[in-house]
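Below are the chains, spelled out letter by letter.
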Amino acid sequence: MAMVELESTWSFERIYDEFKTPIYNYIYHLVGNREQADDLTQDTFLKAFKALPKMDASLKLSAWLYRIATNTAYDALRRRKLIAWLPWQDLDHEPADVESADPQETIETTELVRTALRQMPPTYRAALLLYTQQGFTYAEIAQTLNIAESGVKMYLSRARQSFREQYHAQETGVPRPIKGASR
Amino acid sequence: MTCEWVEEQLSAYHDGMLDAAAADKVRAHLATCTHCAAILADYARFDQLLAQAPRHAPAPELRNRIFTSPAFREIMHGPPAVAAPPARPSAAPKPHVSARLLPQAARVWVPVLVLILLLSGATAVIGKILANRATGPLYAACPAALPAGDRLVYQTNGSLFSDNAQLVCEARTHVTRWQVSPTGQWIAYVDATTNTLRLVRANATGDHEVDTDAGAITTLSWSPDGQTLLIVTAAQPQAARSALTFWRVSPTATAATLLGSAAAPTRLDAAPAWSADGQSVALALTTNDASGSQHGITIYGIQQPVAQATANAPDSATLTLAVPAQALGWTTGSDPTLVWATGTSTAITGLGHAARSTLGALASAVHATLLGATAVAFAPATGQWAVAAPDGSVSQIDATSGQVTPLAQIGPVAGLAWSPDGGTLAVTSNGTLWLVTATGATKAGKIDAGTIPAWSPDSTLIAFISNSGAQIYSSTTGAAHAASAGANGTISGLAWSPDGHTLALWGSAGITLDSPAGTVVATIATLPTGAPQWSAA
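Here is a short report on the structure shown in this document. (Residues numbered from 1 in each chain as written. Chains lettered and ligands numbered in written order. Predicted model: local features only at pLDDT ≥ 70, side-chain atom pairs only at ≥ 80, totals over all residues. Heavy atoms only, no water.)

1. Regarding the overall build of chain A
Logical step 1: Of the regular secondary structure elements, chain A holds 8 helices and 0 strands.
Logical step 2: Counting helices and strands in the order they occur from the N terminus, chain A gives α-α-α-α-α-α-α-α.
Logical step 3: Within chain A, the fraction of its 183 residues that count as buried is 56%.
Logical step 4: Considering only contacts within chain A whose residues lie at least 6 apart along the sequence, 69% involve residues at least 24 apart. (Helix = DSSP H or I, 4+ residues; strand = E, 2+ residues; numbered from the N terminus. Buried < 20%, exposed > 50% of the residue type's maximum accessible area, 1.4 Å probe, protein only. Contact = heavy atoms within 4.5 Å.)

2. Side note on the sheet that holds strand β1 (residues 150-156) of chain B
Logical step 1: Strand order in this open sheet of 4 strands is β3-β2-β1-β36 (chain B), and the pairing throughout is antiparallel. Strand pairing shows two members of the sheet lacking a second neighbour, β3 (165-166) and β36 (529-536) of chain B, which therefore form its edges. (Pairing = 2+ DSSP bridges.)

3. Structural notes on the sheet that holds strand β24 (residues 413-418) of chain B
Residues and elements named next belong to chain B.
Logical step 1: As summarised here, the arrangement of the 4 strands in space is β24-β25-β26-β27, forming an open sheet in which the pairing is antiparallel. Either end of the sheet is taken by a strand with one partner, and the two such strands are β24 and β27 (440-446). Ignoring strand direction, the axes of neighbouring strands in this sheet form an average angle of 25 degrees. (Axes fitted to C-alpha atoms, helices over the stretch in contact; angles between N-to-C directions.)

4. Notes on the environment of Asn64(B)
Residue and element names in this part refer to chain B.
Logical step 1: Along the chain, Asn-64 falls in helix α4 (residues 61-67).
Logical step 2: You can call Asn-64 buried: its relative accessible area is 5%.
Logical step 3: Separated by 173 residues in sequence, Asn-64 and Pro-237 place their C-alpha atoms 7.4 Å apart.
Logical step 4: With sequence-adjacent residues up to four places away left out, Asn-64 is seen in contact with Ser-69, Thr-176, Arg-177, Ala-216, Ile-217 and Thr-218.
Logical step 5: Engagement of the side chain of Asn-64 in a polar contact is seen with the backbone oxygen of Ile-217, the distance being 3.0 Å. (Polar contact = N/O pair within 3.5 Å; in protein donor to acceptor, adjacent residues only side chain to side chain.)

5. A few points about the packing of helix α1 (residues 3-14) of chain B against helix α3 (residues 34-52) of chain B
All names here are of chain B.
Logical step 1: Running from N to C, α1 and α3 point in directions that differ by 30 degrees, and their axes come no closer than 10 Å. Taken together, the axes of α1 and α3 are roughly parallel relative to one another. Every pair of crossing elements has a handedness; the one defined by α1 and α3 is right-handed. Of the residues in α3, those touching α1 at Cys-3, Val-6, Glu-7, Leu-10, Ser-11, Tyr-13 and His-14 are His-35, Cys-36, Ile-39, Leu-40, Tyr-43, Ala-44 and Asp-47. (Parallel < 35°, antiparallel > 145°, perpendicular 65-115°, else oblique. Left-handed = near helix turned anticlockwise from the far one by under 90°.)

6. Some words on the packing of aromatic side chains
Logical step 1: If you walk through the whole model with that rule in mind, you get 20 aromatic pairs over all chains.
Logical step 2: Here the aromatic rings of Phe45(A) and Phe49(A) are separated by 6.0 Å at their centres, their planes lie at 45 degrees, and the arrangement is tilted. Here Phe45(A) pairs with Phe49(A), and both are found in helix α2 (residues 34-51), just 4 residues apart, close to one helical turn.
Logical step 3: Assessed through its relative accessible area of 1%, Phe49(A) is described here as buried.
Logical step 4: An aromatic cluster of at least three residues, connected via ring pairs, comprises Phe12(A), Tyr16(A), Phe45(A), Phe49(A), Phe67(B) and Phe72(B).
Logical step 5: The side chain of Arg34(A) reaches across the aromatic face of Tyr28(A), ending 5.4 Å from its centre.
Logical step 6: The ring of Tyr43(B) is capped by Arg160(A), whose NZ or CZ atom sits 6.0 Å from the centre of that ring. (Phe/Tyr/Trp six-rings, centres within 6.5 Å; stacked < 30°, edge-to-face > 60°. Lys NZ or Arg CZ within 6 Å of the ring centre and 35° of its normal.)

7. Quick notes on α3(B)
Logical step 1: Its 19 residues give α3(B) an end-to-end C-alpha distance of 27 Å, which sits within 8% of 27 Å, the value for a rise of 1.5 Å per residue.
Logical step 2: Of the residues making up α3(B), those classed as buried are Cys36(B), Ile39(B), Leu40(B), Asp42(B), Tyr43(B), Phe46(B), Asp47(B), Leu49(B) and Leu50(B). (Expected span 1.5 Å × (residues − 1).)

8. Brief notes about the nonpolar core
Logical step 1: Tyr26(A), Phe49(A), Ile141(A), Leu145(A), Phe163(A) and Leu10(B) are the most contacted members of the largest nonpolar core, which totals 75 residues.
Logical step 2: Looking at which domains feed residues into this core, each of domain 1 (3-52) and domain 2 (61-79 + 89-133) of chain B supplies at least three. (Core = buried A, V, L, I, M, F, W, Y, C linked by side-chain atoms within 4.5 Å. Domains from an automatic or database assignment.)

9. Concerning the pattern of salt bridges
Logical step 1: As enumerated under the stated definition, the model contains 13 salt bridges over all chains in all.
Logical step 2: We note a salt bridge from Asp47(B) to Arg160(A), for which the minimum N-O separation is 2.7 Å. Of this pair, Asp47(B) sits in helix α3 while Arg160(A) is found in helix α8 (residues 149-172), placing the two residues in two different chains.
Logical step 3: Among the residues examined, Asp47(B) registers a relative accessible area of 13% and is labelled buried.
Logical step 4: Where Glu209(B) meets Arg198(B), a salt bridge forms, and the shortest distance between an N and an O atom there is 3.8 Å. Within this pair, whereas Glu209(B) is found in strand β7 (residues 208-210), its partner Arg198(B) is found in strand β6 (residues 196-201), the two being separated by 11 residues in sequence.
Logical step 5: In the salt-bridge network here, residues are joined through shared partners; they are Arg160(A), Asp15(B) and Asp47(B). (Salt bridge = Lys/Arg side-chain N within 4 Å of Asp/Glu carboxyl O.)

10. Topic: unusual backbone geometry
Residue and element names in this part refer to chain B.
Logical step 1: In this structure, Ala-204 takes a positive phi of about 75 degrees despite not being glycine.
Logical step 2: Secondary-structure assignment places Ala-204 in the loop between β6 and β7.
Logical step 3: Assessed through its relative accessible area of 9%, Ala-204 is described here as buried.
Logical step 4: One non-glycine residue, Asn-430, adopts positive backbone phi at about 50 degrees.
Logical step 5: Relative to the assigned elements, Asn-430 resides in the loop between β25 (425-429) and β26 (432-437).
Logical step 6: Asn-430 gets classed as exposed once you look at its relative accessible area, which sits at 57%.

Dropping the structure here:
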């Protein structure tokens, strides 16, 4: 993915219009809850708008926004854990959706992907989403997650191992414990 | 070499991030180890699954939530005053031009900062902002009447412009939401500073406020004849669901008429759908109350009585659905039929229809082979749904008879768009635009992911964005018709003028107006906020 440099004429509205869908989609897959993704997307853009006038003109806007989104989502996931001790759940997965779900392979696959993602440690989940869905390079992921590039190699390796374990566990119906780091 | 060591390297090997020596070792191991080869195959498969996972977009209301939030106001104007602030230098001389990226404190200190930055030779963003904004559109007083003709309307710096002329008065506006009527005669816009709805003619005259009582305006939807505007207001615009109130107003009126309301937390599941005659509007709603989620479609009559209306709500009727409606439409004709597609945001699971004259003959059809459809589009002109099935096939389904006609086997479909006459279906799949008719499918060319092609009003041409610029194809021959000569930089959107004589392109280099032959007619060196729309004064 090409990094977007901060153009001098970008307005807040234009930044929102340009990045609203990828940022929302990223946050949604990190937290797995549509309403919370709405709130966290709002928080992300407001934090960015507040800080933007202080940033240097050479700012890589895209990576910077994803970094804010990642930290905002991590904070929320941490709070969720502290407050509720509830397992990761899709609160906006309404009964109607369940009723309408059809045993078609695509729907099942989509659900398996969602479930496997939600079972992963959030740090690995973020790295995997940035690589596969946002098309980030290792260097861009390192910049976004504030880790070394060698760390990205390890994160993605752990992420893929974890995703594979969870996906197969869902396929066979045998839940697996979550391994690895958590935040 | 052990499987354990190889497993640790497989992810980087898959990404081509191992050095040559390590990659050779892994490659040699994979040639003889089915266990590790299976893991590598899984990684490739899972990467593809994740890349193709349904993309989720925020609710349209989120934009309003952000830009009307107290936090955003504070960013723009500083925290609410609790005591008289100490004396400070006066604000920058042209605050409207420069203020939109800068909080109050920054605005006050901008002249000082700019001086320091310029003196130090630094190239900080604030200085660049100010330098560039000076070349933007000029802010005039209230504009004079503009001449007749098709003109592109765009938003920038919180105001609306028509070509290079300001369309609304600068002093009172910070436009957030706006919509040109389908006939191009009127523009409805929301002024965020007062949270009021205003209407202005496309020739910049008749600007007036519309009274909608209370609530934040979250949705505007014009009837096809441009005679009625539907307004949705929310009691809690910052919530995903809120008590909603629905209004209608004619363009010359100064007060909106109440259509109805939903007291419990409610959300719009799909864009409102107007019948072609502008007499009925359908709203797909999900309401959450103590008994759970209730899904349905509410139909409001504008001047005609509504079938199935009750004494309590004589101008409306509600169809109850088991699952949310994700798309709505109306067939044309003297007795139009309301049609809908139900399911989730990622998979359509059923289609239904009801004639307006009865609304009682509620019929829903479920087509087993099409369950889980990833995209649907309705063509009012022909009454046909286009449906993209999970297996990559594209079919059309008659909205009332339910007859299924297979059209083509394309592959994973990202989007569908019928031509206005319903004769040709544009299908985007794996970065390629296909033109599909009853007689077959033609590959038109590469299209940028996430962009939407634009059909010319007469359905003969389709314009789309590719990595080599804007392309125009003929829908009749499926062959390249022209390429835009004028658009530099990244193009983010395009739209045909109502008469089909001009194609507007906008993106990082501003706005370009092209002829259908791809010749540049005019350029507007302004970066618009959101997508411009055509008016027809």
